[in-house]
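Listed below, chain by chain, are the residues.
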Amino acid sequence: MSIDLEKNKQLILFDGVCNLCDASVQYVIKHDINDLFRYTTLQGEVGQAIIKKYGVDTDKMDSILLYSPENGISYKSTAALKIASKLGFPRHLMVVFLIVPAFIRNWVYDFIAQNRYKWYGKKEECMIPTKELKSKFL
């Protein structure tokens with residue numbers, strides 16, 4: 001399967017049954033004033049194709065992924081900070097945290113990721129985008 005992504009767009013892959021992940025995607029959609037991002041679930045066909053293409057071990061990678069044809073794939077806190085860097089003031093200022101070593105950032109990220117269902121809950125099935133948002137989802 002080829003991954004058809006519009007030119008100059010980046011694809012956010014997220015856990016479609018996670019309430020925290022869903023809220024995060026809704027937040028990005030609201031603040032993505034340059035319409036840079038597209039979205040897909042890790043569980044979906046496109047998400048699975050990217051996971052396979054890049055050999056992502058889903059047993060070890062409990063994470064948001066950021067994909068672009070030019071830059072490949074980013075994981076965990078790096079993906080989150082790269083996304084924030086494109087969301088305008090003041091959110092883009094979070095990019096300064098990239099100076100913190102990834103193993104430290106990812107320790108915090110992993111702690112939240114491992115507890116996200118307990119703290120925020122889990123859906124029975126992936127979210128279905130509204131008519132207005134459908135064009136943003138692959």
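Look up: the structure comes first, before these words.
Residues numbered from 1 in each chain as written. Predicted model: local features only at pLDDT ≥ 70, side-chain atom pairs only at ≥ 80, totals over all residues. Heavy atoms only, no water.

### Notes on the packing of helix H3 (residues 76-84) against helix H4 (residues 102-120)
Relative placement of two packed helices is described by the angle separating their axes and the distance separating the axes.
For step 1, the next point in the chain: Taken N-terminus to C-terminus, the directions of H3 and H4 make an angle of 95 degrees; their axes are 8 Å apart at the nearest point. In terms of orientation, H3 and H4 fall into the roughly perpendicular class. Taken together, the residues of H4 that come into contact with H3 (itself represented by Lys76, Ser77, Thr78 and Leu81) are Arg105, Asn106, Tyr109 and Asp110. (Axes fitted to C-alpha atoms, helices over the stretch in contact; angles between N-to-C directions. Helix = DSSP H or I, 4+ residues; strand = E, 2+ residues; numbered from the N terminus. Parallel < 35°, antiparallel > 145°, perpendicular 65-115°, else oblique. Contact = heavy atoms within 4.5 Å.)

### Remarks on the pairing of strand E1 (residues 10-14)
A regular strand places its side chains on the two faces of the sheet in alternate fashion.
For step 1, the next point in the chain: The element E1 is largely enclosed, with a buried count of 5 among its 5 residues.
For step 2, the next point in the chain: Residues of E1 alternate between two faces, with Gln10, Ile12 and Phe14 on one and Leu11 and Leu13 on the opposite face, all of them buried.
For step 3, the next point in the chain: Where E1 and strand E2 (residues 37-41) come together, 5 bridges link them in parallel fashion. Of the residues in E2, the one forming a bridge with Leu13 is Thr40.
For step 4, the next point in the chain: In terms of handedness, the path from E1 via helix H1 (residues 19-31) over to E2 forms a crossover that is right-handed.
For step 5, the next point in the chain: Taken together, the 3 bridges between E1 and strand E3 (residues 65-68) define a ladder with antiparallel strand orientation. Residue pairing for E3: Leu13 is matched across the bridge by Leu65. (Buried < 20%, exposed > 50% of the residue type's maximum accessible area, 1.4 Å probe, protein only. Pairing = 2+ DSSP bridges. Right-handed = clockwise from strand over helix to strand, strands pointing away.)

### Overview of the sheet that holds E3
For step 1, the next point in the chain: Read from one edge to the other, the open sheet built from 4 strands follows the order E2-E1-E3-E4, with strand pairing classed as mixed. Each of the sheet's edge strands pairs with one partner strand only, and the pair in question is E2 and strand E4 (72-75). Sheet twist, expressed as the mean angle between neighbouring strand axes with direction ignored, is 25 degrees.
For step 2, the next point in the chain: Along the sheet face, H1 touches E1 and E2 and points at about 165 degrees away from the line of E2.

### Thoughts on the environment of Ser85
For step 1, the next point in the chain: Tracing the backbone through its elements, the reader meets Ser85 in the loop between H3 and H4.
For step 2, the next point in the chain: The class for Ser85 is partly exposed, based on a relative accessible area of 25%.
For step 3, the next point in the chain: Once the C-alpha coordinates of Ser85 and Lys53 are considered, the two residues, 32 residues apart in sequence, prove to be 26 Å apart.

### Describing the layout of surface pockets
For step 1, the next point in the chain: For the largest pocket, the calculated volume is near 930 Å³.
For step 2, the next point in the chain: For the largest pocket, the lining is made up of 37 residues, of which Leu20, Ser24, Ile64, Ala80 and Tyr109 are closest to its centre.
For step 3, the next point in the chain: Listing elements by their share of the lining of the largest pocket, those giving two or more residues are E1, H1, helix H2 (45-53), H3 and H4.
For step 4, the next point in the chain: The leading source of residues in the lining of the largest pocket is H4, at 8 residues. (1 Å grid on protein atoms, 1.4 Å probe; cavity = no way out; pocket = protein on both sides within 12 Å on 5 of 7 lines; lining within 4 Å. Points joined across faces, edges and corners; volume = space filled by probe spheres on them.)

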